[in-house]
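Working through the structure, step by step
Spelled out from the first residue to the last, the chains are:
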Amino acid sequence: MLAFVSLVAGLLLSADPLDSLPPGTSVLTERPLESMRASVQESFGTIERHNVDDGPDQEVIRADVVKRPQKPYDVQIRFPTDRTVAKGEVLLVRFSARAVARSPETDEAVLTVVFEQAGPPHRKSLSRTLEIPKDWQRFDLPFRADETLEIGRAQLGFQLGYDPQTIEIGGIQLLSFGPEMDLASLPTTRSTYEGQSPDAAWRAAAAQRIEEHRKGDLIVTVLDPSGSPVPGAQVEINMLRHAFAWGSAVTAELLTADTDDARKYRETVAKLFNRVVFENDLKWPNWERTEQRQTLMDATVWLEDAGIEIRGHCLVWPSWRYLPKEVASLADNPAALRERVNGHVTEEASALRGRLAEWDVINEPYTNHDLMDVLGNEAMVEWFRLARQADPEVRLFINDYGILSARGRDAAHQDHYERTIRFLLEQQAPLEGIGLQSHFGDDLTPPPRLVQVLDRFAQFGLPLLITEHDINIADEALQAEYTRDFLTAVFSHPAVAGVLTWGFWEGRHWRPQGAYFRRDWSVRPAGQVWLDLVHDQWWTRDSGATDASGQRKIRGFLGRYEVTATAEGRSVRDTVTITREGSRLTLTLAEPSR
Ligand code: XIL
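Bear in mind that the values here come from a model prediction, so they are computed numbers and not experimental data.

Time to look at the site of the ligand. By nearness alone, every residue bordering the ligand is listed as Glu 279, Asn 280, Lys 283, His 313, Trp 317, Asn 363, Glu 364, Gln 437, His 439, Glu 468, Trp 502 and Trp 510. The contact in question runs from an oxygen atom of the ligand to an N or O atom on the side chain of Glu 279, over 2.5 Å. Here an oxygen atom of the ligand and a side-chain polar atom of Trp 502 are 2.9 Å apart. Compared with its free state, where it exposes 410 Å², the ligand has 75% of that area covered by protein. The residue inventory of the shell around the ligand, partitioned by class, reads three nonpolar, five polar and four charged.

Attention now moves to the pairing of strand E5 (residues 75-80). Of all the six residues making up E5, five are buried; the element is thus mostly covered by neighbouring parts of the structure. Relative to E5, strand E2 (residues 37-40) runs antiparallel, the two being bridged by four bridges. Its bridge partner lying in E5, Arg 37 is registered against Arg 78.

Another aspect to go through is the pairing of strand E23 (residues 541-545). Burial along E23 is one-sided: Asp 542 and Gly 544 are buried, while Arg 541, Ser 543 and Ala 545, pointing the other way, are not. In the sheet, strand E13 (residues 234-242) pairs with E23 via five bridges, with the strands oriented antiparallel. Looking across to E23, one finds that Glu 236 is bridged to Ser 543.

The next point concerns the sheet that holds strand E24 (residues 551-557). The strand order E24-E12-E27 describes an open sheet built from three strands, whose pairing is mixed. Whereas interior strands pair on both sides, the edge strands pair on one side only; in this sheet they are E24 and strand E27 (583-588). Adjacent strand axes in the sheet meet at a mean angle of 25 degrees, parallel and antiparallel pairs treated alike. Sheet strands touched by helix H3 (residues 201-213): strand E12 (215-223) and E24. Its angle to E12, the strand with the most contacts, is close to 40 degrees.

Moving on: the pattern of salt bridges. All told, the structure shown has 47 salt bridges when counted by the stated rule. With a closest N to O distance of 3.0 Å, Arg 263 and Asp 260 form a salt bridge. Remark: Asp 260 and Arg 263 occur in helix H5 (residues 260-272); sequence separation between them is three residues, near one turn of the helix. One salt bridge connects Glu 304 with Arg 355, and the closest N-O pair in it is separated by 3.4 Å. Residue Glu 304 is located in helix H7 (residues 293-305), and its partner Arg 355 is located in the loop between helix H8 (334-351) and strand E17 (358-363); the two are separated by 51 residues in the primary sequence. Judged by its relative accessible area of 39%, Glu 304 is partly exposed. By relative accessible area, Arg 355 is classed as partly exposed at 29%. In the salt-bridge network here, residues are joined through shared partners; they are Arg 102, Asp 107, Glu 108, Glu 131, Arg 407 and Arg 409.

Once that is clear, we can look at the sheet that holds strand E26 (residues 570-578). Note on sheets: strands pair through backbone hydrogen bonds, and any given pair is parallel or antiparallel. Spatially, E23-E13-E25-E26 is the arrangement adopted by the four strands of the open sheet, whose pairing is antiparallel. Looking at strand neighbours, the two that pair on one side only are E23 and E26, the edges of this open sheet. Averaged over all adjacent pairs, the angle separating strand axes in this sheet is 15 degrees, with direction ignored.

Examined at the domain level, the chain breaks down into domain 1 (11-191) and domain 2 (240-537). Distance between the C-alpha centres of domain 1 and domain 2: 34 Å. Tallying the contact residues gives 12 residues for domain 1 and 11 residues for domain 2. Buried surface at the junction of domain 1 and domain 2, both sides included, amounts to about 970 Å², of which 34% is carbon and sulfur. Put simply, domain 1 and domain 2 have five salt bridges between them. Among the elements that line the side of domain 1 that touches domain 2, the one with the most residues is strand E8 (residues 124-131), at four residues. Tallied by class, the residues present in the side of domain 1 that touches domain 2 amount to one nonpolar, five polar and six charged.

In this model, H5 (13 residues) spans 18 Å end to end at C-alpha, consistent with the 18 Å of a helix rising 1.5 Å per residue. Every buried residue of H5 is listed here: Ala 262, Tyr 265, Arg 266, Thr 268, Val 269 and Leu 272. What you see down the axis of H5 is that its buried residues fit within an arc of 165 degrees, all on one side. Residues of H5 that are exposed and point more than 90 degrees away from the buried face comprise Asp 260 and Lys 271.

Before going further, it helps to examine unusual backbone geometry. The residue after Pro 120, namely Pro 121, is reached through a cis peptide bond having omega 5 degrees. Mapping Pro 121 onto the fold places it in the loop between strand E7 (110-117) and E8. Look at the link from His 313 to Cys 314: it is a cis peptide, with omega at -5 degrees. Residue placement: Cys 314 occurs in strand E16 (residues 309-316). Positioned with a positive phi, Arg 407 is a non-glycine residue whose angle comes to about 65 degrees. You can see Arg 407 is positioned in the loop between strand E18 (395-400) and helix H11 (411-426).

About the cut-offs
Residues numbered from 1 in each chain as written. Predicted model: local features only at pLDDT ≥ 70, side-chain atom pairs only at ≥ 80, totals over all residues. Heavy atoms only, no water. Near = heavy atom within 4 Å. Polar contact = N/O pair within 3.5 Å; in protein donor to acceptor, adjacent residues only side chain to side chain. Areas by Shrake-Rupley, 256 points an atom, 1.4 Å probe, with all protein chains shown as cover. Nonpolar A, V, L, I, M, F, W, Y, C, P; charged D, E, K, R; others polar. Buried < 20%, exposed > 50% of the residue type's maximum accessible area, 1.4 Å probe, protein only. Helix = DSSP H or I, 4+ residues; strand = E, 2+ residues; numbered from the N terminus. Pairing = 2+ DSSP bridges. Axes fitted to C-alpha atoms, helices over the stretch in contact; angles between N-to-C directions. Contact = heavy atoms within 4.5 Å. Salt bridge = Lys/Arg side-chain N within 4 Å of Asp/Glu carboxyl O. Domains from an automatic or database assignment. Buried area = accessible area lost by both parts, 1.4 Å probe. Expected span 1.5 Å × (residues − 1). Arc of directions from axis to C-beta.

Structure follows, in structure tokens:
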């Protein structure tokens, strides 16, 4: 009887597939807590070993953050490896955690788990940011080692430097299963975000805003040659183009090359996008490689012919590392430096005058400020003025990352962006748009939070543009879900003028797993979401007969349309733009030919 009970209990326990791991070897010391290294400055909080009676182990680690530091790793615990990890080895981090106290402001508790080099540049094979619940939860994070790291040269790290919170962590394991193990067969804790559920409250509000802000009324009136309304005329209304910018980063090379991939690339650009941005071609060092100018000009001609607008990225990316090499040699000569940078702004903006819809005048001023450190913040105002002089029509933008991404919680980055924008406007720089890059890892920002942050930057009354969206995660289902929710949230916000993804093809993408199309051009689920939303759900087609007064009334997504009316065997066709204020189109049938 006892044997039976314990057999059943055993079955019940192993019924949780997550519990039964294949045999692995530990990569950490036998008792990890003994080799743990904690780093935290006193002003940010404390990290202690702590006894609990309901945890995964009797002794766990308790991190108490009282003040948010600059970087998550400013509050960190690390476990050095106790054996060499070889490139390609499949590993699993397993631990349990609970949030004893959450941030009073955000009601969140968050940590980032990394497996990385133990010294600079801390290259990572794993980085996951996780929300920690109130009760103990076990996390399983499988990954593959990107490189071979000798014993002690790699570490498992827990970064806790977020908003004030108290988190306990225990049961920490790092196991290796060798290179042959199938990653997908190991248990995985999926990332989640608030507002993910199909009935989350934000969805109805967003749908309503889309209906209100992204659509307009169209009244089509069909007249006969004498000017009398024609009831019962057949009217086809087909959208040709979104008013909203839907775009991608592209490369001049693939827009002009004569290969199968390049042809497919162009076909996809023409089908999916109405605006593009050159990923690298217009950056200052690339621009100076004049032998590439012809390719670039050919690409812009192809885009113009395809009716696709181009945004320019970027005139000044103000770190030495992103500037032509010799610019740094002027660091001690502010006058010469100023002249060199100003000359560049004028030269490049003039050369492309009339060809671009937008220019990022300044890119990433929060992290990249070497030029401002030498020339003062007034230099930024000057760049804007010079760009305006060189190209009077182009819309001038500032662009930065870390505003909507990273759970929308990088307050230091957000505050700095707001201050910089305010400064530019106060100085009367001709700033006309605010770029929000929106590169995501797995620290997905809850959609309601996206809307809050958009509200904050909408206060300036300038258009907001999502300039560099991508989601660099392996979980394709989650990637697709968040693509849908991200696009929905930003499309619903009245201040947002467009979304550009930072590349679309795995064969040419800075974060290949973020691409909508795989190397072989098969579409990933996230790419399918783009197609479904942008070209179907948010695309208007209508067909029907005019009413007794000879009219057909519809509400359609803002943009350009082609309308065809047919009656008594005669057809007439015209184009019209649906605007928010509402639009009218009158189609007059021709005299019947005799
Ligand atoms: C990246 C490109 O995608 C890479 O090909 C290049 O090697 C480095 O720059 N923020 C930006 C972009 O503003 O210019 C960066 O583009 C990605 C991050």
